[in-house]
Amino acid sequence: MSIISYALKGNGKRFNNKLKEISKRENIKYSDLKKKFYYSFITIGCGYSDFLNYELYKKNKVELKEYVSIKHQDKFYEIVSPSKYKTFFTIKPNFLKNFKKYINRDFFADGTYQELEAFLNNHEYFMIKPYDGLGGHGVEKLYTKDIKDYKEFYEKLKNEHLYLEEYVIQNKEISKFCDKSVNTIRIMTFGFNGEAKILFACMRFGNGEANVDNFHQGGMGVLVDIETGKLVGQAFNKNLEYFDKHPYSNIKFDGFQIPNWDKVKKLVLEAALVNPHIHVVGWDVAVTENGATFIEGNRRPGFDLVQVLSKRGRIDIMHECLDKINKVEGTNYKI
C-alpha cells in the first residue's frame with residue numbers, strides 16, 4: 001500500500017466530522033485543523049487515524065517530527081525484521097513450533113481428521129485463529145459442545161486456513177480485571193549481536209464484552225514500568241477514552257503489580273535472540289499462575305499503542321536500534 005493510499009484510507013467524511021468536533025471542543029478553526037493535517041501528512045506521512053489518535057493537531061513542529069508513521073515503519077522493519085524471514089512469525093502455527101520451548105499448550109494446525117478429533121475430545125473450549133492475522137481479527141473462543149459436525153468443521157479449518165489452540169489459563173489476579181478474555185502484556189524487544197533489551201511494555205485488557213484484548217477490538221492499554229512491572233497511570237482505548245479503573249471490574253490500574261514480572265522479562269529477553277535475522281519483535285505474553293507464556297510474536301509491532309500511551313512520538317526507539325546496528329555493522333541506516 002502506498003503512503004498516499006494509507007493516509008487516505010478510511011472514511012473521509014467521518015474524519016472531517018471528527019475535525020469539526022475537535023474544532024468546537026478545542027476552539028481551533030476547522031480550516032487550521034485541515035492545514036495541520038496536510039502539513040502532518042507531508043512531514044511524516046501520517047494518515048487520518050494517526051492524526052486523531054496522536055492528537056497531532058496539538059503538536060508543534062518539533063514534537064510532530066518525533067512521531068512514527070507508516071512511512072517510517074515500512075523502512076525500519078525492512079532493516080530490523082526483513083520480510084524474507086517473516087513466516088517464522090507471521091504463520092502462527094510456525095510461531096508455536098519455533099517457540100515451543102516457551103509455550104506449553106496444545107494446538108491443532110493442518111493435521112489429520114483423527115488428530116482434530118483427539119484435540120476436540122481433550123478440550124472443552126479453545127481458541128480458533130487465522131494462520132496469518134492482525135489485530136485480533138478472526139479470533140474466537142469456541143466450545144466443543146457447539147460443534148455439531150466434526151467433519152464439516154475439519155473442512156472449514158482447511159478451506160479458511162484456521163487453526164485451534166488450547167485456551168490459556170491466566171493468572172488469577174489478572175483475571176480479576178476481566179475474565180472474559182486473556183489479558184496480555186505487549187512487550188517490544190530489540191535483539192542484536194547476542195544482546196537483548198526491552199524497548200517498551202504495556203498491558204492490554206479486554207473490555208468485558210469481547211473475548212480478545214486487542215486495542216483494535218475494543219480493548220484498552222495501560223503503560224507498564226519496565227523495571228518494576230507495575231501499571232502506570234490510566235488506560236486508554238482506541239477512541240482515546242480514559243479509564244482510572246477497569247469498566248468491567250472497577251479495579252484500579254495505576255500501581256497494580258504484574259505477577260511473575262521477573263519471569264516475564266526473562267522469557268522475552270531469551271526469545272528475542274532465537275531468530276538472528278529478526279531483531280525487533282512485539283511479544284504478546286500471558287501471565288500464568290507460576291510463570292508466563294507467549295500468545296504470539298509480531299515481527300512488525302505497531303506504534304499506535306506505544307505512542308498513545310507514551311503521550312509523545314517514539315521515533316527514538318527506531319533511532320536507538322539503528323544506531324546499535326550501524327555501530328556494529330558499519331552501516332549508515334537512517335530514518
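Model, not experiment: these values are computed from the prediction.

Enquirer: Which residues make up the sheet that holds strand E8 (residues 231-237), and what values go with them?
Expert: Pairing is antiparallel in the open sheet, where seven strands are placed in the order E9-E8-E7-E6-E5-E10-E11. Among the strands making up the open sheet, the edge pair consists of strand E9 (242-243) and strand E11 (292-298). Sheet analysis places strand E6 (residues 195-205) next to strand E7 (residues 220-224), joined by four bridges and oriented antiparallel. Its bridge partner lying in E7, arginine 204 is registered against glycine 221. Sitting on the sheet, helix H14 (residues 315-329) is in contact with strand E5 (184-192), E6 and strand E10 (280-287), with an inclination near 25 degrees to E5.

Enquirer: Which residues make up the environment of isoleucine 325, and what values do they have?
Expert: Relative to the assigned elements, isoleucine 325 resides in helix H14. Owing to a relative accessible area of 2%, isoleucine 325 belongs among the buried residues under this scheme. In this structure the C-alpha to C-alpha distance between isoleucine 325 and phenylalanine 192, which are 133 residues apart in sequence, comes to 7.7 Å. Residue contacts for isoleucine 325: discarding those within four places in its chain leaves Val80, Phe190, Phe192, His279, Gly330, Thr331 and Tyr333.

Enquirer: How would you sum up the packing of helix H2 (residues 12-26) against helix H3 (residues 30-44)? Please name residues and give values.
Expert: Contact geometry for H2 and H3: axes closest at 9 Å, N-to-C directions at 125 degrees. In terms of orientation, H2 lies oblique with respect to H3. Once H2 is placed against H3, the crossing between them reads as right-handed. In this structure, H2 uses Phe15, Asn16, Leu19, Lys20, Ile22 and Ser23 to contact H3, whose residues at the interface are Tyr30, Leu33, Lys34 and Phe37. Looking at the contact of H2 with H3 residue by residue, the class counts come to six nonpolar, two polar and two charged.

Enquirer: Can you lay out the pattern of salt bridges for me, pointing to particular residues and giving the numbers?
Expert: Under the counting rule described, the total for this entry stands at 19 salt bridges. Taking the shortest distance from any N to any O, the salt bridge between lysine 145 and aspartate 146 comes out at 3.4 Å. Judged by its relative accessible area of 47%, aspartate 146 is partly exposed. For glutamate 173, the salt bridge identified is with lysine 176, shortest N-O distance 3.1 Å. Put simply, Arg25, Glu26, Glu55 and Lys58 are held in one network by salt bridges that share partners.

Enquirer: For the side chain of serine 23, give the residues involved together with the corresponding values.
Expert: Among the secondary structure elements, serine 23 is positioned in helix H2. Reaching out from serine 23, the side chain makes a polar contact with the backbone oxygen of isoleucine 28 at a distance of 2.5 Å. Residues contacting serine 23, with those up to four places away along its chain left out, are Ile28, Lys29, Tyr30 and Leu33.

Enquirer: Explain the pairing of strand E2 (residues 125-130) to me, using residue names and the numbers behind them.
Expert: Judged by how many residues are buried, E2 sits mostly within the fold: five of six residues are covered. Summarising the sheet, E2 and strand E3 (residues 140-143) pair through four bridges and their orientation is antiparallel. Of the residues in E3, the one forming a bridge with phenylalanine 126 is leucine 142. For E2 and strand E4 (residues 162-166), the ladder comprises five bridges, and the chain directions are antiparallel. Along E4, the bridge assignment pairs methionine 127 with glutamate 165.

Enquirer: Give me the lowdown on the nonpolar core, citing residues and values where you can.
Expert: Most often, soluble globular proteins have nonpolar side chains that are buried together. Core analysis: the biggest nonpolar cluster contains 40 residues, and Phe51, Leu56, Phe76, Val80, Met188, Val280 and Phe303 have the highest contact counts within it. Counting only elements with at least two residues in this core, the list comes to H2, H3, helix H4 (48-53), helix H6 (70-80), E5, E6, helix H13 (304-310) and H14. Here this core takes six residues from H14, the largest share from any one element. Beyond its immediate stretch of four places on either side in the chain, leucine 56 contacts Lys36, Ser40, Ile44, Cys46, Asp50, Phe51, Leu64 and Tyr67.

Enquirer: Lay out the packing of H6 against H14 in plain terms, naming residues and giving numbers.
Expert: Helix packing geometry: the angle between the two helix axes and the distance between the axes. Between H6 and H14, the shortest axis-to-axis distance is 11 Å and the interhelical angle comes to 30 degrees. In this view, H6 runs roughly parallel relative to H14, as classed from their interaxial angle. Note that H6 runs across H14; the crossing there is left-handed. Here His72, Gln73, Phe76, Ile79 and Val80 of H6 come into contact with H14, specifically with Ile315, Met318, Cys321, Leu322 and Ile325.

Enquirer: Break down the sheet that holds strand E1 (residues 107-108) for me, with residues and values.
Expert: An order of E1-E4-E2-E3 is seen for the four strands of this open sheet, with the pairing classed as antiparallel. Two strands in the sheet have a free side with no partner beyond their single neighbour: E1 and E3. Pairing analysis gives two bridges linking E1 to E4, with the strands arranged antiparallel. Within E4, the position partnered with phenylalanine 108 by the bridge is leucine 164. Here helix H9 (residues 113-122) sits on the sheet and contacts E1, E2 and E4; the angle it forms with E4, its principal contact strand, is near 35 degrees. Across the face of the sheet, helix H10 (residues 150-160) comes into contact with E1, E2, E3 and E4 while running at roughly 115 degrees to E4.

Criteria and thresholds
- Per chain, the residues get numbers from 1 upward, laid out in the order the sequence is written.
- The model is predicted, so local features are restricted to residues of pLDDT at least 70 and side-chain atom pairs to those at 80 or more, both for listing and for counting; the totals for chains, interfaces and linings are taken over all residues.
- Here the side-chain values reflect all heavy atoms present in the structure, with hydrogen atoms and water set aside.
- For two strands to be treated as a pair, DSSP must find at least two bridges joining them.
- The way it works is that DSSP assigns letters per residue, a run of H or I at least four long becomes a helix, a run of E at least two long becomes a strand, and they are numbered from the N terminus.
- Note on contacts: a residue pair qualifies if any of its non-hydrogen atoms lie within 4.5 Å across the two residues.
- To get an axis, a line is fitted to the C-alpha atoms, and for a helix only the part in contact is used. The angle between two axes follows their N-to-C directions and goes from 0 to 180 degrees.
- To sort residues, take the accessible area from a 1.4 Å probe on protein chains only and compare it with the maximum for the residue type: under 20% means buried, over 50% means exposed, and anything in between is partly exposed.
- Each angle gets one of four labels, with under 35 degrees taken as roughly parallel, over 145 as roughly antiparallel, 65 to 115 as roughly perpendicular, and the rest as oblique.
- Each crossing gets its hand from how the near helix is turned against the far one by less than a right angle, where anticlockwise is left-handed and clockwise is right-handed.
- The residue classification treats Ala, Val, Leu, Ile, Met, Phe, Trp, Tyr, Cys and Pro as nonpolar and Asp, Glu, Lys and Arg as charged. All others, Gly included, are polar.
- Just to be clear on terms, a salt bridge is a Lys or Arg side-chain nitrogen sitting within 4 Å of an Asp or Glu carboxyl oxygen.
- Between N or O atoms, a polar contact is any pair within 3.5 Å; within protein, one atom must be a potential hydrogen donor and the other a potential acceptor, and residues adjacent in sequence are included only when both atoms are from side chains.
- Put simply, a nonpolar core is a bunch of buried Ala, Val, Leu, Ile, Met, Phe, Trp, Tyr and Cys residues held in one set by side-chain atoms that sit within 4.5 Å of each other.

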